[in-house]
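# Residue-level structural notes
If you want the building blocks of each chain, they are given just below.
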Amino acid sequence: MRQRTVQATSSPVFRIAYHVSRVVFGAWFLFSGLWHFFWPWMQPLGNTPQAIAFTKALMASGLFDWVKVIEVVTGITLLLNRAMPLTIIAVVVLNVVIVYWNVVLDEGLVEYTFAALTVILTAIITWPWRAWFWPLFIWKGEPDHSLDSRLPGR
């Protein structure tokens, strides 16, 4: 039987913010990922030579296709509210590139806004799942060399 932990009083406002952020961000990622496959000629490359070169290099290497597949998958999992800790990790990795592209390579008000929204929405989505991430910060621990598939600490 699954144990439930005692939780502090949940904020209905934050619960709504979480679900709105999750749906908006999931739809954004799903649309952005599908755009590349259905309308590749309309793929934004950026407005500066650096952004255009970076995007074209990603496309030429084939890495851009993988990024867009990950956007589609994480968009779906965000919309379905499934596999959230893994989804959040994947989203954070993509967000590093998205924020870099919007702040460093393709500067402007719209780009800064997208970078800020990316960070804010990710923070809102991550907060309710924070307990799943604290074990990642263990500095020194004991590895489990057994072949048992149990979850850690169980």
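Please read these numbers as outputs of a predicted model, since none were measured by experiment. (Residues numbered from 1 in each chain as written. Predicted model: local features only at pLDDT ≥ 70, side-chain atom pairs only at ≥ 80, totals over all residues. Heavy atoms only, no water.)

### Digging into the packing of aromatic side chains
To be explicit about the condition: Paired rings are identified among Phe, Tyr and Trp, the last through its six-membered ring, by centres lying within 6.5 Å, and are further divided according to the angle between planes into stacked (under 30 degrees), edge-to-face (over 60) and tilted (the rest). Helix numbers and strand numbers start at the N terminus; a helix is a DSSP run of H or I with at least 4 residues, a strand a run of E with at least 2. Here's how the labels work: a residue is buried when its accessible area is under 20% of the maximum for its type, exposed when over 50%, partly exposed in between, all with a 1.4 Å probe on protein chains only.
Taken as a whole and assessed by the stated rule, the structure comprises eight aromatic pairs. Consider the rings of Phe25 and Trp28, whose centres lie 5.4 Å apart with planes at 80°: the pair is edge-to-face. Of this pair, Phe25 and Trp28 both sit in helix 1 (residues 12–38), three residues apart, which is roughly one turn of that helix. Take Phe25: its relative accessible area is 1%, and that puts it in the buried class. For Trp28, a relative accessible area of 22% gives the class partly exposed. Relative to Trp39, the ring of Phe31 lies with its centre 6.4 Å away and its plane at 40°, an arrangement referred to as tilted.

### Some thoughts on helix 4 (residues 84–105)
Note the threshold: For a helix, the expected span equals 1.5 Å multiplied by the residue count minus one.
Over its 22 residues, helix 4 runs 30 Å from end to end, which matches the ideal 32 Å to within 8%, given 1.5 Å per residue. Within the sequence span of helix 4, burial applies to Met84, Thr87, Ile88, Val91, Leu94, Asn95, Ile98, Trp101, Asn102 and Leu105.

### Comments concerning a nonpolar patch on the surface
Rules: Two distance rules govern patches: like charges are joined within 9 Å, and nonpolar side chains (Val, Leu, Ile, Met, Phe, Trp, Tyr) within 5 Å, applied only to residues with over 30% relative accessible area and no salt bridge. Reported accessibility uses the Shrake-Rupley method at a 1.4 Å probe radius. Residues are deemed covered only where the shown protein chains occlude them. One speaks of a salt bridge when a side-chain nitrogen belonging to Lys or Arg is within 4 Å of a carboxyl oxygen belonging to Asp or Glu.
A cluster of nonpolar side chains, namely Phe31, Phe37, Phe38, Trp39, Trp41, Met42, Leu63, Trp66, Val69 and Val73, defines an oily patch on the protein surface of about 1100 Å² accessible area. Those elements that provide at least two residues to the nonpolar patch are helix 1 and helix 3 (63–80). Sorting elements by how many residues they give to the nonpolar patch places helix 3 first, with four residues. With respect to the element layout, Trp39 can be found in the loop between helix 1 and helix 2 (49–61).

### Focus: the packing of helix 2 against helix 4
Spelled out, the test is: Whenever a helix is involved, its axis is fitted only over the stretch in contact; in every case the axis is a line through C-alpha atoms, and angles between N-to-C directions fall within 0 to 180 degrees. Working definition: roughly parallel below 35 degrees, roughly antiparallel above 145 degrees, roughly perpendicular at 65 to 115 degrees, and oblique for all remaining angles. Two helices cross in a left-handed way if the nearer one is turned anticlockwise from the farther one by less than a right angle. They cross in a right-handed way if the turn is clockwise. Only heavy atoms matter for contacts: two residues are in contact if any of them lie within 4.5 Å across the pair.
With their axes 9 Å apart at the nearest point, helix 2 and helix 4 run at an angle of 150° to one another. Between helix 2 and helix 4, the angle falls in the class roughly antiparallel. You can see that helix 2 and helix 4 cross each other, and the crossing is right-handed. Contacts between helix 2 and helix 4 involve Gln50, Ala51, Phe54 and Thr55 from the former and Val97, Trp101 and Leu105 from the latter.

### Observations concerning the environment of Val119
Topologically, Val119 is positioned in helix 5 (residues 109–126). What makes Val119 partly exposed here is its relative accessible area of 48%. The sequence separation of Val119 and Asn95 amounts to 24 residues, and the corresponding C-alpha distance is 7.6 Å.

### Re the environment of Phe137
Looking at the secondary structure, you find Phe137 in the segment after helix 5. With relative accessibility at 61%, the residue Phe137 sits in the exposed group. Each C-alpha atom of the pair Phe137 and Leu58 lies 31 Å from the other, and the pair is 79 residues apart in sequence.

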